[in-house]
Amino acid sequence: MRRVSVRVLASFFALVLSGVTGYVIDARADGPVHVPFERLEHLGLRVKETEEAIEKTIVSKSLGLKFYGYLEGSYTQNFNNPSNRINQLRIFDVNSNEFRPNLAQLVLEREAKSDGSGLDRLGGKVKFNAGRDSDFIGGMNLSDWADFQEVYAQYIVPVGAGLDIKLGQVNSLVGYEVVESPYNGNYSRSWLFGLGQPFTTRGVRGTYAFDKHVSLSVGVIAFINSARANTRYDPLTEAALTISPSDRVTLVLYNLLGQRPGAVGTPGGMLVQVGGYLSLHLTDRASAIIESYYANQANSSTISPAGNARWNGVAGYLIYDMTKEWGIRVRSELYEDAGGFTTCEGTTAYQPRANVCFGATSTTSAPPVGQTLWEVTTTLQYKPFKSLTTRLEYRYDKSNQHVFQIGERAATYQPTLSLDVIYLF
């Protein structure tokens, strides 16, 4: 009966919205007017299409479903003009002096609610990616050009204010930056995120908000996706404590703990990563963020005397919106890879070409080297309207080792200029 009522309602609105007014309009002429059969057929198709669209809207609202996503493309000019056409030690912006179809992301989501019936408390998300970035995200890869970044079921258990449980593959708790480009201030990713933090995790996670100021998330993980390829399922735990004493101050403390595989020829060992970030809303238009972490993984480095792979860093962000349309974002970071474990892991093969250093080939990565990196990135953002974001970004990379490339020779620096365009829907 409900199905019939939905169809009747959809048909009624379809008839009105489709503009089936041919007879009324034509009746203004003197004498009777006959509407051609072809026109009636065209109007009938319009009625049917509109009816189906309205019916889908009614059904999606009744089920609480949301459909959204974004399209992103970019161009990066590398002033070193490397002969292999690769931006060295970059994560997603790896194409030198050419256009990159970064990503088309489609998301279907049902948001769980903390009150109401059992059905209201049930939710979930499916996030599908297609494009050059998808291969390095490391989700449930379908091919080099497509993957499922997030796939999880959600249920809010009626305990206290509500215990939010997610089961499946979700974005990591660790880190300030995220996989999705529109949610970062800059186009290019920091080394702290791209090289030293997980992108997504697979397991079960619980989140509980004690009040509006304090919440805690804890995850038990069977698998993480990060810059380093990993085909082993090792149990890990991750956690994030969020403290917001006011609307203008947010402190997030996170950690990641568990066994991880090491470099080839090492047994691997226990990973301990601890850190956090502080976000300050200085004014309605300006924000400042600082992030820092320390990570160590036992028995995983081939160049460290003790075998420990250690990496750590600090990054600062300044975000300022001059108007609703124009804004500027500045990032500066220092990243140390003392064990040569996280950097220079990529090859020059067509896909994905991420985290490549001078000396890599299509089948082998560059020799491991302990190094200290720093970079400064300045991004000018222009949003002509809400759903369209354009970013012009200048970035300067520097290393204490010759890991970058000028033409066909090694270098210690790398300047780039990128134009990024994002359309949200």
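Right, let's walk through the structure included here.

Definitions and limits used
Residues numbered from 1 in each chain as written. Predicted model: local features only at pLDDT ≥ 70, side-chain atom pairs only at ≥ 80, totals over all residues. Heavy atoms only, no water. Pairing = 2+ DSSP bridges. Helix = DSSP H or I, 4+ residues; strand = E, 2+ residues; numbered from the N terminus. Salt bridge = Lys/Arg side-chain N within 4 Å of Asp/Glu carboxyl O. Buried < 20%, exposed > 50% of the residue type's maximum accessible area, 1.4 Å probe, protein only. Contact = heavy atoms within 4.5 Å. Core = buried A, V, L, I, M, F, W, Y, C linked by side-chain atoms within 4.5 Å. Phe/Tyr/Trp six-rings, centres within 6.5 Å; stacked < 30°, edge-to-face > 60°. Lys NZ or Arg CZ within 6 Å of the ring centre and 35° of its normal.

On to the pairing of strand 10 (residues 249–260). As paired elements, strand 9 (residues 236–246) and strand 10 share 9 bridges and run antiparallel to each other. Paired with L236 across the bridge in strand 10 is G258. What sits between the antiparallel neighbours strand 9 and strand 10 is a turn of 2 residues. Pairing geometry for strand 10 and strand 11 (residues 269–281), over 12 bridges, is antiparallel. Residue pairing in the sheet places R260 in a bridge with G269 of strand 11.

Before going further, it helps to examine the pattern of salt bridges. Overall, the coordinates contain 17 salt bridges when judged by the stated rule. Of the charged contacts in the structure, one is a salt bridge between E111 and K66, with a shortest N-O distance of 3.1 Å. Here E111 is found in the loop between strand 2 (98–110) and strand 3 (122–130), whereas its partner K66 is found in strand 1 (residues 65–78), with 45 residues between them in sequence. Residue classification places E111 among the partly exposed residues on the basis of a relative accessible area of 45%. Looking at K66, the relative accessible area reads 40%, which means it is partly exposed.

Another point: the side chain of Q381. Checked against the element boundaries, Q381 lands in strand 15 (residues 371–385). Not counting residues up to four positions away in its chain, the partners in contact with Q381 are E325, W326, G327, R329, T389, T390 and R391.

Here we take up the nonpolar core. Ranked by internal contacts, the top residues of the largest apolar core, which has 47 residues, are L89, W311 and Y335. For this core, the element with the highest residue contribution is strand 13 (residues 309–321), accounting for 5 residues.

Before going further, it helps to examine the pairing of strand 9. Of the pairings in the sheet, the one linking strand 8 (residues 214–225) to strand 9 comprises 8 bridges and is antiparallel in character. Within strand 9, the residue paired with V220 across the bridge is T237.

On to the packing of aromatic side chains. By the definition in use, this model includes 13 aromatic pairs. Ring centres 4.9 Å apart and planes at 55° place the aromatic pair Y176 and Y317 in the tilted group. Of this pair, Y176 sits in the loop between strand 6 (163–171) and helix 5 (191–194) while Y317 sits in strand 13, and the two are 141 residues apart along the sequence. According to the relative accessible area criterion, Y176 is partly exposed, its value standing at 23%. Since its relative accessible area comes to 7%, Y317 is described here as buried. When the ring centre of Y350 is taken as reference, the NZ or CZ atom of R132 above it lies at 4.4 Å.

A few words now on the environment of G370. Positionally, G370 belongs in the loop between strand 14 (326–337) and strand 15. As for G370 and A309, which are separated by 61 residues in sequence, their C-alpha atoms are 9.8 Å apart. Not counting chain neighbours up to four residues away, the residues in contact with G370 comprise I303, D337, A338, G340 and Q401.

Here G316 is to be found in strand 13. Since its relative accessible area comes to 28%, G316 is described here as partly exposed. The spatial distance from the C-alpha of G316 to the C-alpha of V376 is 9.8 Å, given a sequence separation of 60 residues.

Moving on, we come to unusual backbone geometry. Across the junction of Q351 and P352, the peptide omega takes the value 0°, indicating a cis bond. A positive phi angle, close to 60°, is found at L89, a residue other than glycine. Within the secondary structure layout, L89 lies in the loop between strand 1 and strand 2. Residue classification places L89 among the buried residues on the basis of a relative accessible area of 0%. Even without a glycine there, the phi angle at C344 is positive, about 60°. Counting through the fold element by element, C344 comes out in the loop between strand 14 and strand 15.

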